[in-house]
Structure formats: structure tokens, C-alpha cells
Amino acid sequence: MKKIQYILFIAVGLTLTACNDWLDVQPRSQVEDTELFETESGYKEALAGVYSSMVSTGTYTKEMTYGFIGILGQEWDFYYSTAYDDAVAYNYDASTPTGYIRSIWANNYTGIANANNLLAHIDDNVKLFSADNHDVIKGEALALRAFLHFDLLRCFGVSYEVNPDQPSIPYSTALSYRVFPQLTVHEVAELVLKDLLAAEALLATSDPIVTGREITESVDNGYLLNRQLHLNYYAVKAMEARVYMWMGDYDNALKAANVVIDSDKFPWATVADLQSGADRVLAAEHLFALNNLTLTADIADEYFSDASAYGFAVTRERLLDYFDNATQDYRHTFLFKSGTGTHANNRYLTKYDEPNGSSTYYKFKMPLIRISEMYLIKSEVEYRNGDTDAAKTSLNQLRVARNLSPLDELPNDYFLELMHEYRREFIGEGQLFFLYKRLNRQIIPNATVDAVQEKVYTFPLPITETESAQREPNK
């Protein structure tokens, strides 16, 4: 996908004077809207630009996955202390965490602005588009707007369980100089769902992953290939499940998760591929992943290696604790490597290492949603509904896929086991902290503060945002 960035003289929930602080996008080339949106290829490039904006160390290729958010989830024993000592103590007012928070806000609203720019034009001339491309592109743009807003809500809004009526963030739906109003947690969640449901309606009849239409390189230059690298129909359904869980609408979460599971489109990673090192990131299980062409050089070598001063690692003992000493678990066996020399007791994640073999299918992928989350959602809802046998069966499907024996009975503390499973499954992917937040857990394992009392689950709004728009307290 071609990278394309825009100069955006706009305000998204900000005044014009705040623009330079929060939406400062330095372009490689300036493309006027009148030129960009005169052809179908222009819309394709604009959509690619939104995805490309997410391939950022400030968000989804570091800080929103294994970096800042991983630190807040207490996933690592070792990390670059200068960068994260304040974050691990939840000192959000310190300069370094303030920078991470500012970057998350700025980068996601920039992606939202570019999605809005595309959406503002895409219905002007539907005849520009071949085959189903109009519906696919529009559907993905709506889904991206929802995805980026929802992660902002998970960062800057209180847990839905705490207070759905607490002011949170603006929901930007247009390119405009006006300041978008600060909405409550509930209002933002409803708008996220509105965009996701609109995206679902478009993609249900156009996405080849649903329709089964065969796509080759010769068909539209292969534009609709590699649907796992796009917010495809099933990724949208998975996002619906994630949002419904956040809102406590468990029945609708289960319905959405079942659509994804019942599709049989996303098989479990095989032991052969894991053992050979051909698949380090569980690629077949991705519902949505980013394409990061510098994955090995920028992530594996820099952050998951004992040769780097900036590396993230756990101790051998901590890793055994994570996996309850079940070393036969494929995730323990194949997704971690030992350090060397003075770092011999360290264990480094290998999800982002260069895979063995020549297949490009397993390379350069940063997972953002995987099929295993749908099984965990399914199990949790079944447990909440009192169907413990079904909850056990759903949880066991994941356990067996990871080479663990099925549970005969659910543990007495189901939610503790659920958290352990999320930690084993999603370490380095940025989901654990948000699980603790959704469940409103008072104690984050390995942390030293009362997370609820200290309000560590909600980031402070950026100072420039509160000064320029006079926002209400968000926590």
C-alpha cells in the first residue's frame, strides 16, 4: 500500500490554534482533495493513508501494543527504565507519560480526520468505482473511524461499569473548524456502534471474505487481496463484540462473536508452522492486522533482543508463573526465546521476529484482533449467563489449540483464570490493560497501587485540549 499523508488545516475536537500541536502531519507530498478524489485510485490511496497512519511507534507498532500499554498492564520485568519508570508507577503527569498520551491522542485523531476526509467525498460520484469497491472502501473507512475512536475511549473514558455518563472524548464525523462536543462514555460507544453497523451493512454484500468472490493479482491489481490486513467484515463483527462487552451488552457480544467463530475462516495456527518458525505471529488467526514492512529491524531487533538496551523481557520464573508451569503450552514453547550471557534468565517474545521460510503470508504482521479473543468473549458471556458447561467448552477450545489439557471443571475464580488466559494469549499485543479496565479490577497483578482508587485506568485529557476547548473532567 502506498503511504500518503495530508496537510490537515482542520480542528478535530480542537481549536485552530491547537491544530499545530495535535494534528501536525508532515507530508511527503501534498495532494489536493480535488485531485485525490477524482479517481478510484485516489480513494484507494486515501484509505491506505489511514492504515499507514496507524503504523506508528506512537500507537500500534509500539506504545499501544507492547510499549506504554504493555507497561501499564505490568506485562514485563525488564524495560528501558528511563522511558517507562513513571508509566509503570502510573505517574501520568510526568513528562514522558504525558508525551505518550499526547501522541496517542494526536495520531488517532489524525487517522480519524483522514477517514472523515475520504467519507466526505466518497458518495459524490459512485460511478467512479468498479465492482464492489465503493462499498468496500466506504465500509472500511467507517470501521476505521470507529476503531480509532474506540481505542481513544478505552484510553480517555472511564470504564463503562464505573460511569457511562462521565464526559469522555469528542466523536469527530467531519472535517470542520468547529470544536466537536465532548461526549459521555455511553454516547461515544453508541456512535462507535453506529459506524460499525453501517460498515457491516456495506461489507456484508461486498467483501470477498464473505461473498467468496475469487480475487487474484489480475483482478483490479489484486486490490481486494489480503483481507486480514484490512478491517474486513469479520473484523468489524469482532469489533462489535469487543464494544458490546465494554458496554455490558453481553447477549449482543455473544451474537457478534459467534458470527466470527461460526464462519470457520480463521483456523488455529498449526504446531508444524509454530515448531518450524514459519509462523511466529499466529497469522491465520488474525482478524485484523497491520502491515509493518520494517517489523524485524524496528521491533524484534530493537525491543525483543538481549543485544538491545531498550529490550522488553520477563524472567524465566515470571514466564513459568504466567503459564502455570505448563511448559507444553505452544505459546510458552514457541513464542519466547532465552537470553544469553548475563541475560540468560531473560525470556524475550518472538512474535515479531523474522519467520523462517519464504512465505510472505507470515511476515510483517502486527495483530490487532485475533480469533482467540472471540472464544474468550464467548466463554465469558456464557459464564455470566450461568451456562458454565458452555463456558468451559469455549475456554477449552482455546486451551486445546494451545496444547493444554481441557479443564474438567471451571476454576472457582473464573475471572482470575480469564485474566491469566488473556495474559498468556495477548502478551505484547496491548489488550491486557484494557481487560483489567473493563472488569474494573482493583488490583493489577504486579502493580503496587489500587488501580480503582488512584484512577489509573483513565488517562488525563491532553493539556492543550482542555485549555482550548474547556472540556469537563473525564475522570
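Note that the structure is a prediction, hence the values are computed from the model and not measured. Per-chain numbering applies: the sequence of each chain, read as written, is numbered from 1 onward. Local features in a predicted model are, by the rule used here, given only for residues with pLDDT of at least 70; side-chain atom pairs are given and counted only at 80 or more, and totals for whole chains, interfaces and linings are based on all residues. The side-chain values count all of the structure's non-hydrogen atoms but skip hydrogen atoms and water molecules.

Caption draft 1: Spatial organisation of the packing of helix 17 (residues 388-401) against helix 18 (residues 414-426). All axes here are fitted lines through C-alpha atoms, helices being fitted over the stretch that makes contact, and every angle between N-to-C directions spans 0 to 180 degrees. Labels follow the DSSP assignment, with helices taken as runs of H or I lasting at least four residues and strands as runs of E lasting at least two, numbered in each case from the N terminus. The N-to-C vectors of helix 17 and helix 18 enclose an angle of 30°; their axes lie 12 Å apart at closest approach. In terms of axis orientation, helix 17 runs roughly parallel to helix 18. When the axes of helix 17 and helix 18 are compared, the crossing they make is left-handed. From helix 17, Leu-395, Leu-398 and Arg-399 reach across to helix 18, where they touch Glu-417, Glu-421 and Glu-425. Taken together, the residues that form the contact of helix 17 with helix 18 break down as two nonpolar, no polar and four charged. Roughly parallel covers angles under 35 degrees, roughly antiparallel covers those over 145, roughly perpendicular covers 65 to 115, and oblique covers all other angles. Handedness of each helix crossing follows the sense of rotation of the near helix against the far helix: counterclockwise by less than a right angle gives left-handed, clockwise gives right-handed. Working rule for contacts: check all heavy atoms of both residues, and any pair within 4.5 Å makes them a contact. Amino acid classes used here: Ala, Val, Leu, Ile, Met, Phe, Trp, Tyr, Cys and Pro are nonpolar; Asp, Glu, Lys and Arg are charged; the rest, including Gly, are polar.

Caption draft 2: Representation of unusual backbone geometry within the structure. Notably, Asn-221 is not glycine yet its phi reads approximately 55°, a positive angle. We note that Asn-403 has phi near 70°; this positive angle belongs to a residue other than glycine. Summarising the element assignment, Asn-403 is placed in the loop between helix 17 and helix 18. Three exposure classes are used, based on accessible area relative to the maximum for each residue type with a 1.4 Å probe and protein chains only: buried under 20%, partly exposed in between, and exposed over 50%. The exposure class assigned to Asn-403 is partly exposed, which follows from its relative accessible area of 33%.

Caption draft 3: Region of the structure containing the environment of Cys-155. One can find Cys-155 in helix 7 (residues 133-156). Judged by relative accessible area, Cys-155 falls into the buried class, the value being 1%. Between the C-alpha atoms of Cys-155 and Pro-460, which are 305 residues apart in sequence, the distance is 8.9 Å. Those residues in contact with Cys-155 that lie beyond four places of it in its chain are Met-64, Ile-104, Phe-434, Lys-437, Tyr-457, Thr-458 and Phe-459.

Caption draft 4: Quick peek at the sheet that holds strand 4 (residues 314-315). Each pair of strands is called paired provided DSSP finds at least two bridges between the two strands. Strand order across the open sheet formed by three strands is 4-6-5, with antiparallel pairing between neighbours. The two strands at the open ends of the sheet, each matched to only one other strand, are strand 4 and strand 5 (336-338). As paired elements, strand 4 and strand 6 (residues 346-349) share two bridges and run antiparallel to each other. Each residue of the ladder has a partner; that of Val-314, found in strand 6, is Arg-347.

Caption draft 5: Quick peek at the pattern of salt bridges. Whenever Lys or Arg places a side-chain nitrogen within 4 Å of a carboxyl oxygen from Asp or Glu, that contact is recorded as a salt bridge. Tallied over the full model, the rule gives 31 salt bridges. Here Glu-380 and Arg-384 are joined by a salt bridge, their closest N and O atoms 3.0 Å apart. Of this pair, Glu-380 and Arg-384 both sit in helix 16 (residues 371-384), four residues apart, which is roughly one turn of the helix. Classification of Arg-384 by relative accessible area gives partly exposed; the value is 33%. Here Glu-465 and Arg-471 are joined by a salt bridge, their closest N and O atoms 2.6 Å apart. Accessibility classification places Glu-465 together with Arg-471 in one group, the buried group.

Caption draft 6: Inspection of the packing of aromatic side chains at higher detail. Classification of ring pairs uses Phe, Tyr and Trp, with its six-membered ring standing for Trp, and accepts pairs whose centres are within 6.5 Å; under 30 degrees between planes counts as stacked, over 60 as edge-to-face, and the remaining range as tilted. Within this structure, the stated rule accounts for 39 aromatic pairs. Centre to centre, the rings of Tyr-303 and Phe-312 are 6.1 Å apart; their planes meet at 55°, and the pair counts as tilted. The exposure class of Phe-312 is buried, given its relative accessible area of 1%. Ring-over charges, as used throughout, are those where CZ of Arg or NZ of Lys falls within 6 Å of the ring centre and within 35 degrees of the ring normal. The residue whose ring lies beneath Lys-44 is Tyr-223, and the NZ or CZ to ring-centre distance is 4.7 Å. The ring of Tyr-361 has Lys-365 lying over it, and the distance from NZ or CZ to the ring centre is 3.7 Å.

Caption draft 7: Summary view of the nonpolar core. Take the buried residues of types Ala, Val, Leu, Ile, Met, Phe, Trp, Tyr and Cys, join any two whose side-chain atoms come within 4.5 Å, and each joined set is a nonpolar core. With 141 residues, the main nonpolar core has Phe-68, Phe-147, Phe-156, Phe-288, Met-374, Phe-433 and Phe-459 as its most contacted residues. A per-element tally of this core places helix 7 first, with 14 residues.

Caption draft 8: Looking closely at a negative patch on the surface. A grouping of Asp-387, Asp-389, Asp-408 and Glu-409 is seen on the molecular surface, where their side chains present a negatively charged patch. By the secondary structure assignment, Asp-408 is in the loop between helix 17 and helix 18. Residue Asp-408 is classed as exposed on the basis of its relative accessible area of 65%. Two distance rules govern patches: like charges are joined within 9 Å, and nonpolar side chains (Val, Leu, Ile, Met, Phe, Trp, Tyr) within 5 Å, applied only to residues with over 30% relative accessible area and no salt bridge. The Shrake-Rupley method, run with a 1.4 Å probe, gives the accessible areas here. Residue values count only the displayed protein chains as cover. The charge count includes Lys and Arg as positive and Asp and Glu as negative, but it does not include His or the ends of the chains. To locate a charge, the coordinates of NZ of Lys, CZ of Arg, CG of Asp or CD of Glu are taken.

Caption draft 9: Up close: helix 3 (residues 40-54). Taking 1.5 Å per residue as the helical rise, helix 3 with its 15 residues ought to reach 21 Å, and the 22 Å between its terminal C-alpha atoms agrees with that figure. Of all 15 residues in helix 3, 12 are buried; the element is thus mostly enclosed. By definition here, a helix of n residues has an expected span of 1.5 Å times n minus one.

Caption draft 10: How the structure looks around the packing of helix 11 (residues 250-262) against helix 16. Two elements in contact, helix 11 and helix 16, have axes separated by 9 Å at closest approach and are oriented at 145°. At the point where helix 11 passes helix 16, the crossing takes the left-handed sense. Contact residues: Tyr-250, Ala-253, Leu-254, Ala-257, Asn-258, Val-260 and Ile-261 in helix 11; Ile-371, Met-374, Tyr-375, Ile-377, Lys-378, Val-381 and Arg-384 in helix 16. Of the residues contributing to the contact of helix 11 with helix 16, the split by class is 11 nonpolar, one polar and two charged.

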